[in-house]
Amino acid sequence: MTTKDPLIIKERLQLEHVGIQKASLRPLTVTLESDHFLCVRETIAGTDRVAIVDLHHPDMVYRRPIYAESAITNPEYLILAVRADYGMKIINMESKKETKTSEPLPESILYWRWLDPGTVAIVTQKSVYMWSKEGGTSPQRILTLSNTRLGDCQQIVSLKMDQDRNWMMIGAINLQSGNIVGQMLLCSVNDEDQYEVIEGHAALFTEFRLPGNKHTSTLLCYANIFTDGTGQLTIRALNGPHDGDKAFSNVTVEIPLAPDSDKDLPIDMQVSKKHDLIYILTKMGFVYLHDLESGLWLYTTQFSMDSVFAYTKYQPSDGVLAVTTKGHVSVY
């Protein structure tokens, strides 16, 4: 009797086949905001440009000469946000027109991403801003950060918010004694004094309704691989139960790491709401599958022998899309 593999892995695209050079395939030059578009900053024959690959139609690649220190593509529309010493711009790639500009912020930008199709979230050393792609408004500060909340972080790598935009998790990494240590800041958007520093590499928010309950609980899930080579997954509720509902039981479980992966680290987490599953996704291409309610480990596979530097939700299968350092784009 054979056991069916719960994950079907398919290669969607090899980026070199659509003209993306290997030299451009680096974490700081490639950004992936959704399963629709992949953005690459290139320098070809001394000319800086931005290439956007339509992952729904891989033969369609949009290029434009643009100098940018960072470029991120809207998750749904062919709209590009770029930033450099000139400030920030939002560009409609179809009309080739700038639709919005902003002067440089008072502090250096450490991280930014499209939070949704209408909003760019921006993290500086002192603040978090939201910038709408519509209207004439400049970035609006929604949260003030003290200089010590994230310690001496060397790089901000993620920002996630819950469904109702009440909670925010900012992820950072530090190099300590040759190990990449993850540090995350959980903070309430409505109460700046309510925050918590958590050791971990990757996190997600999701809504989950216990059997028999009328309302959902807002869950925070985060994963860590410690310097001693052990892995840990924590799942906890951020809100108490409504009247008549059962409380969610917080859990912390071991991630059974694959052999020789003690130097690996989680770089993203995704959730399958269809199956109530958590995907823990690592730099070495491992996928650890856990049950959302209990945290129970279910399955591990390594879908790529190459390092992975970008993951995102793959909507058609309620799964994951991944990009490796060799330009392979795979889904499962």
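Residues numbered from 1 in each chain as written. Predicted model: local features only at pLDDT ≥ 70, side-chain atom pairs only at ≥ 80, totals over all residues. Heavy atoms only, no water.

Structural notes on the nonpolar core
Formed by 20 residues in total, the largest nonpolar core has its most connected members in C221, I235, M269, I278 and I280. Of all the secondary structure elements, the ones that give two or more residues to this core are β18 (202-208), β19 (217-225), β20 (231-237), β21 (251-255), β22 (266-272), β23 (277-282) and β24 (286-291). In contact with I235, other than residues within four places in its own chain, are L219, L220, C221, F248, N250, V251, I278, D291, L292 and G295. Among the nonpolar cores identified, the runner-up in size contains 19 residues, and I20, L25, L38 and V329 belong to it. (Core = buried A, V, L, I, M, F, W, Y, C linked by side-chain atoms within 4.5 Å. Buried < 20%, exposed > 50% of the residue type's maximum accessible area, 1.4 Å probe, protein only. Helix = DSSP H or I, 4+ residues; strand = E, 2+ residues; numbered from the N terminus. Contact = heavy atoms within 4.5 Å.)

Digging into the pairing of strand β3 (residues 37-44)
β3 sits mainly inside the fold: 6 of its 8 residues count as buried. Note: strand β2 (residues 30-32) against β3, 3 bridges, orientation antiparallel. Residue pairing in the sheet places L32 in a bridge with L38 of β3. Note: β3 against strand β4 (residues 47-54), 8 bridges, orientation antiparallel. Looking at the pairing, R41 lines up with V50 of β4. Hairpin connection of β3 to β4: 2 residues between the antiparallel strands, including A45 at a positive phi of 50 degrees. (Pairing = 2+ DSSP bridges.)

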